[in-house]
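Next come the chains, spelled out residue by residue.
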Amino acid sequence: MVAGVAAGVARHLSLPVGAVRIAFVVAALGGGAGLVLYIWLWALVPSWEQPPPTPAATGVASSIAAGGSAGTLPGPHGVASPAGVPGRVPPAPVSTAHPVPVPAPGRRSSTRIGDLVVGGMLLAGGLTVLGSQIGWQVSLGATLPLFVVLGGAALVYTQLDEVQGTRWALSGPSGRGAALRVGLGLLLVLGGVLLAVIGSTDVAYAGRVLAAVAAMLGGVLLVLAPWGIRFWRDLGLERDARARESERADIAAHLHDSVLQTLALIQRSSDDPAMVTRLARTQERELRSWLYGGRTRTADGADRKASRLHERVDEVAEDVEDLHGVAIDVVVVGDRDLDERGEALIAALREAMVNAVRHAGAPVMVYVEALPDAVEAFVRDRGPGFEVGEVPADRHGVRESIIGRMRRYGGTAAVRSVRGEGTEVRLSMPDATGESREDRGDGRGDGRQDGTQEREVVR
Amino acid sequence: MSIRLVLVDDHAMVRSGVRTELGAAADIEVVGEAADVPSAIERVHALRPDVVLLDVHLPGGTVRPGGKEVLQRCAELISADPEQSPVRFLALSVSDAAEDVIAVIRSGARGYVTKTISGPDLAAAVRRVAEGDAVFSPRLAGFVLDAFGSGAGEVASVDDELDRLSAREREVMRLIARGYAYKEVARELFISIKTVETHVSAVLRKLQLSNRNELTRWAADRRLL
């Protein structure tokens, strides 16, 4: 009637519930055997709606039960009897004992009810003390320890129930709270026992008893320790395995979302070489950034605007690659934050890249270096080259987007093209206070050769 | 005399692809292949090739990356031996991780090229390595510039000659990073190709021998080239 044990046994043995209950009551009256049996059954037999025990340790109770009576007995669906029996109160009082497995609200709710029991016990203890103070005829020595012990036990059991539900996950905020409460409950029980012992005997005797009890507890701990350690180690191993498993699942999911999808797309568009190149290149980039970490550029990174030089150059190069399906090799040395002058350089760089992939094709090489006082960028291709002087005046690509833009922000741009060898666009954007790089006299860039058309546009 | 080459890569597809591409070069002969660390060490010792094309990531070893272990266990073949010509290693990889690059170069590889390199370029790189020169791809040159600090201000604070690049070496590295071939670098700087090769070899030596600890830390911090 209390925890649905009778109903469970009745269902298991196919007997009427009433008969089982009567048998329990009779056995309980005749020496208390029924009561003991009842409590053991309640503690060891898994309840009906308890989740099926997972391979590894689910908790002490269920693993012992699995050895004994690995049955699926109906759970605590008995009628609630508020008779003050400690600890176990049915999670949800169902009107009558019903052997049909009703999806119970779960064990979690028992915690709250358990808390109520704990509170009630402690309150009762307090009232007893109060009553004895105002001359109520209560035997303080007998009742106070009882209430304290019962309250502590209730606290421990409800917590164990709770923890069991979360697979003994004693880490994390809720796990720590549970451990704290279990400890508190044990302390209460211990305190109650102490009260009982000290209250009924003299102090010297109590001391000896306590020493004996401590020795015994120590012995028990010693015996149980290996088992406990192994239990925890198994638990740790299992958790590691699960972590690895989920990592592998992550990788599999990622590969599926990215690589396999791309491979499928490539198969479908195998007659379009440009498309295939573009898909493969995009996928390669994505996989690289995923594998080698660093910058987390994923699909949602598209709207995010980077402000560092390195990221921006990569971003722009990827855009151009995607648009034209030509691979661009990017080498960036150093890094720095970008101001609006830097953005102007990036814009000009992009235009230079677009020109290179459009007129020359792969390979296009981009080199960007952040110097202490300037940013320099080079775009080189190995295309047919062109006569810089012969570019019609109405062609805005080079003249406006690259040279004009760089000049407006105080930078320089130069285009150098050799017929049959390729073209190189050089961009230099000095810092706002710095002077132009041409004054540094590092002997670079003035190597005018035969057949070379070079034009330094702005100085 | 043709260049005898051993191909080490765990992917058969890559090996056959490289074989095909190098097939166009009459002076390069692929004499052996290996797919993992132990067999690579065994093959290299048995065949004593002129050049080993070495993938950086190889299975079967105890050191990561696997290419580093092959280099370490073949160290006595790399060092100059008056009796026999040394075996030279050229790393070939898709890996972009700076730690991998620095690991194989510092273990004795004479160069590092990525698998996107074209067939003729790869053949040229093999020839260059066979002659004892270093092969720097634009990416590796950028890596060197970054690792040794491209800023002029940083150079003054370092006294050890191994720990910094000379102005000329820096110039050569910058041009290579910009995609210039060695002969274009030579023309650009009005120096001979031989001088360019000397500079590049000097940079490689610094990269291998410098105990500048920023180098390693830099590579670890900066996982992407």
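Read on for a plain summary of the structure.

Rules behind the numbers
- Residues numbered from 1 in each chain as written.
- Chains lettered and ligands numbered in written order.
- Predicted model: local features only at pLDDT ≥ 70, side-chain atom pairs only at ≥ 80, totals over all residues.
- Heavy atoms only, no water.
- Helix = DSSP H or I, 4+ residues; strand = E, 2+ residues; numbered from the N terminus.
- Buried < 20%, exposed > 50% of the residue type's maximum accessible area, 1.4 Å probe, protein only.
- Contact = heavy atoms within 4.5 Å.
- Areas by Shrake-Rupley, 256 points an atom, 1.4 Å probe, with all protein chains shown as cover.
- Patch = residues over 30% accessible without salt bridge, like charges linked within 9 Å, V, L, I, M, F, W, Y side chains within 5 Å.
- Salt bridge = Lys/Arg side-chain N within 4 Å of Asp/Glu carboxyl O.
- Core = buried A, V, L, I, M, F, W, Y, C linked by side-chain atoms within 4.5 Å.
- Pairing = 2+ DSSP bridges.
- Right-handed = clockwise from strand over helix to strand, strands pointing away.

## A short note on the overall build of chain A
Consideration 1: When its secondary structure is counted, chain A shows 12 helices and 6 strands.
Consideration 2: Burial statistics for chain A: of 459 residues in total, 37% are counted as buried.
Consideration 3: Considering only residue pairs separated by 6 or more positions, chain A has 65% of its internal contacts joining residues 24 or more positions apart.
Consideration 4: Split by element, the accessible area of chain A, about 25400 Å² in all, is 64% carbon and sulfur.

## Describing a nonpolar patch on the surface
Residues and elements named next belong to chain A.
Consideration 1: A grouping of Val220, Leu222, Val223, Leu224 and Trp227 is seen on the molecular surface, where their side chains present a nonpolar patch of about 540 Å² in accessible area.
Consideration 2: With respect to the helices and strands, the residue Trp227 is situated in helix H8 (residues 203-268).
Consideration 3: Under the relative-accessibility criterion, Trp227 is labelled partly exposed at 47%.

## Quick notes on the nonpolar core
Note that soluble globular proteins tend to have their nonpolar side chains buried in a common cluster.
Consideration 1: Among the nonpolar cores identified, the biggest contains 55 residues, and Val70, Phe89, Phe136, Val144, Met173, Ile176 and Val200 of chain B are the most heavily contacted of them.
Consideration 2: Ranked by residue count, the leading element in this core is helix H7 (residues 138-147) of chain B, at 6 residues.
Consideration 3: For Met173 of chain B, the contacting residues outside a window of four places in its chain are Phe136, Ala141, Val144, Leu145, Leu165, Val200 and Val203 of chain B.
Consideration 4: Among the nonpolar cores identified, the runner-up in size contains 35 residues, and Val320, Leu338, Leu345 and Ala352 of chain A belong to it.

## Describing the pairing of strand S5 (residues 111-114) of chain B
Residues and elements named next belong to chain B.
Consideration 1: Of the strand pairs in this sheet, strand S4 (residues 88-93) and S5 are connected by 3 bridges, and their pairing is parallel. Opposite Ala91, over in S5, you have Tyr112 as the bridge partner.
Consideration 2: As paired strands, S5 and strand S6 (residues 135-136) are joined by 2 bridges and run parallel to one another. If you follow Tyr112 over to S6, its bridge partner there is Phe136.
Consideration 3: Crossover connection from S5 via helix H6 (residues 119-130) to parallel S6: handedness left-handed.

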